[in-house]
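The chain contents come next:
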Amino acid sequence: MSNSGPLFLPATSLDEALAAKEANSAATFIAGGTSLIADRDAREPAGYISLRRIRALQEIERRTDGLFVGAGCTIAALLRDPLVASASLLVEAGRATATRQVRSRATIGGNIAVALPDRSFGPCLLALEASVHVHSREGLRAIPLELYLNDRVKAAETTAPEILVGVTVPYTGGRHHYSRIAADNGGGYATVSVALLLDRERHVVRIGLGGAGPTACRAHEAEAFAAEALDCKGGSTPPSLAAKIGEIAAQHCDPPTDLSASSAYRRHAVGVMVRRALEEAWEATR
Ligand SMILES: Cc1cc2nc3c(=O)[nH]c(=O)nc-3n(C[C@H](O)[C@H](O)[C@H](O)COP(=O)(O)OP(=O)(O)OC[C@H]3O[C@@H](n4cnc5c(N)ncnc54)[C@H](O)[C@@H]3O)c2cc1C
């Protein structure tokens, strides 16, 4: 019997998946398929290399440098795992993603690898200063998530194939906040999202943004100003300071205009949401 349909290869190891990609460069990796199939254009797909059977991608474990979550973990599995329960921003990102049905197939790896600014995990993982583990012919390497996302945005189709193996989320203290605006009454893809970590003991403020650039990004300038200006040992923070930090985040981001919202709307939303995130996190740690 001849098989004239597109290739579908269920790989069982990282090396098998890489070899299949090298042999069929126009084929694409697929995990849950919830993003790839929904976003695909009308062309006949050149083929799929499924990553779902690769056990190395399914692990969730505590490691010395943080919580490791395999790229192939579904969001439903993530939300059920007791180890993840303590990482509140991961839980928030998971709950904010799609519906229960979609979450039972959708993976964290697919959410990150697509590097789109409207996805849920990018901003949260950036605020947590997560790093990702990537497997290629050169072996396994760990890189900061921020670098990975920026590289994915710039990457040409011809880039050597690589598989996202997982993400390490450093253990943090302090207070987390995640909020989003989405067209579908708060559900679905985010028009703008803000994740914030405030750790007053370590004098750290980290801000991840979605919908504020070509991919999820850090608000570095606002973070640096906050670290200088906030009196973390003090009892209160003037509302004008939180507003200023929001303004700086808005000023330095690069939001797109699309069917969901204009760049100006998104920029305004970033300013307001960062201010509110900081005020809420500050209040909660008084
Ligand atoms: C109805 C609906 C609602 C949705 N709502 C949301 C939402 O609210 N928020 C949100 O963030 N997303 C949403 N999504 C998008 C999607 O479900 C998620 O982003 C999901 O996490 C994608 O994971 P996946 O395993 O299905 O990825 P796939 O579709 O399998 O893959 C997505 C991309 O990532 C690549 N990829 C996947 N895994 C790897 C890997 N390990 N290494 C290298 N490349 C890889 C694939 O080649 C592909 O390009 C929604 C989707 C649907 C259908």
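Residues numbered from 1 in each chain as written. Predicted model: local features only at pLDDT ≥ 70, side-chain atom pairs only at ≥ 80, totals over all residues.

Asks: Please clarify how the sheet that holds strand β8 (residues 163–169) should be interpreted in this entry.
Replies: Strand pairing in a sheet relies on backbone hydrogen bonds, with the paired strands running either antiparallel or parallel. The strand order across the open sheet built from five strands is β4-β5-β8-β6-β7, with neighbouring strands paired in antiparallel fashion. The outermost strands of the open sheet, each flanked by one partner alone, are β4 (60–63) and β7 (139–144). Strand-to-strand, the axes of this sheet are offset by a mean angle of 25 degrees, without reference to chain direction. Where strand β6 (residues 131–136) and β8 come together, five bridges link them in antiparallel fashion. Bridge pairing in β8 places Ser-131 opposite Thr-168. (Pairing = 2+ DSSP bridges. Helix = DSSP H or I, 4+ residues; strand = E, 2+ residues; numbered from the N terminus. Axes fitted to C-alpha atoms, helices over the stretch in contact; angles between N-to-C directions.)

Asks: Where do I start with the domain arrangement of the protein chain in this structure?
Replies: A common way to express how large an interface is: the accessible area buried when the components associate. We note that the domain assignment places domain 1 (7–50), domain 2 (55–169) and domain 3 (175–284) within the protein chain. Each of domain 2 and domain 3 was reduced to a C-alpha centroid, and the two centroids are 21 Å apart. Contacts between domain 2 and domain 3 engage 22 residues on the former and 22 residues on the latter. Sorting the residues of the side of domain 2 that touches domain 3 by element identifies α4 (88–96), α7 (121–127) and α8 (145–154) as the ones contributing at least two each. (Domains from an automatic or database assignment. Contact = placed C-beta atoms within 7 Å.)

Asks: What am I meant to see in the sheet that holds strand β2 (residues 28–30) here?
Replies: Read from one edge to the other, the open sheet built from three strands follows the order β1-β3-β2, with strand pairing classed as parallel. The strands lining the two open edges of the sheet, one partner per strand, are β1 (7–10) and β2. Going across the sheet, the axis of each strand differs from the next one's by a mean of 25 degrees, ignoring polarity. As paired elements, β2 and strand β3 (residues 47–50) share three bridges and run parallel to each other. Considered in β3, the bridge of Thr-28 is made with Tyr-48. Packing of helix α1 (residues 14–23) onto the sheet brings it into contact with β1, β2 and β3, and relative to β3 it is tilted by some 165 degrees.

Asks: What exactly am I supposed to notice about the site of the ligand here?
Replies: In the vicinity of the ligand lie 29 residues, with Ala-31, Gly-32, Ala-106, Gly-110 and Asn-111 positioned nearest. The set of elements that each furnish at least two residues to the shell around the ligand consists of β2, α2 (36–39), α6 (108–113), β8 and β10 (187–199). Per-element tally for the shell around the ligand: the top contributor is α6, with four residues. For the shell around the ligand, the class distribution of residues is 15 nonpolar, twelve polar and two charged. Each of domain 1 (7–50) and domain 2 (55–169) gives at least three residues to the shell around the ligand. (Near = placed C-beta within 6 Å. Nonpolar A, V, L, I, M, F, W, Y, C, P; charged D, E, K, R; others polar.)

Asks: Please explain α4 as it appears in this structure.
Replies: Along α4, the residues that are buried comprise Leu-89, Leu-90, Ala-93, Gly-94 and Ala-96. One side of α4 carries all its buried residues, which in axial view fall inside an arc of 170 degrees. (Buried ≥ 20, exposed ≤ 12 C-beta atoms within 10 Å, placed from the backbone. Arc of directions from axis to C-beta.)

Asks: Sorry if this is basic, but what is going on with helix α11 (residues 263–284) here?
Replies: Note that an α-helix has 3.6 residues per turn; residues three or four places apart therefore point the same way. For α11, built from 22 residues, the straight-helix expectation of 32 Å at 1.5 Å per residue is met to within 8% by its first-to-last C-alpha distance of 31 Å. The set of residues buried in α11 consists of Arg-266, Ala-269, Val-270, Gly-271, Met-273, Val-274, Arg-275, Ala-277, Leu-278, Ala-281 and Trp-282. (Expected span 1.5 Å × (residues − 1).)

Asks: Explain the packing of helix α10 (residues 239–252) against α11 here, please?
Replies: The axes of two packed helices give the description: the angle between them and the distance between them. At a closest axis distance of 7 Å, the pairing of α10 and α11 adopts a crossing angle of 145 degrees. Considering only the axes of α10 and α11, their crossing is right-handed. Two secondary-structure elements touch here, α10 through Ala-242, Ala-243, Ile-245, Gly-246, Glu-247, Ala-249 and Ala-250 and α11 through Arg-267, His-268, Val-270, Gly-271, Val-272, Val-274, Arg-275, Leu-278 and Glu-279. (Left-handed = near helix turned anticlockwise from the far one by under 90°.)

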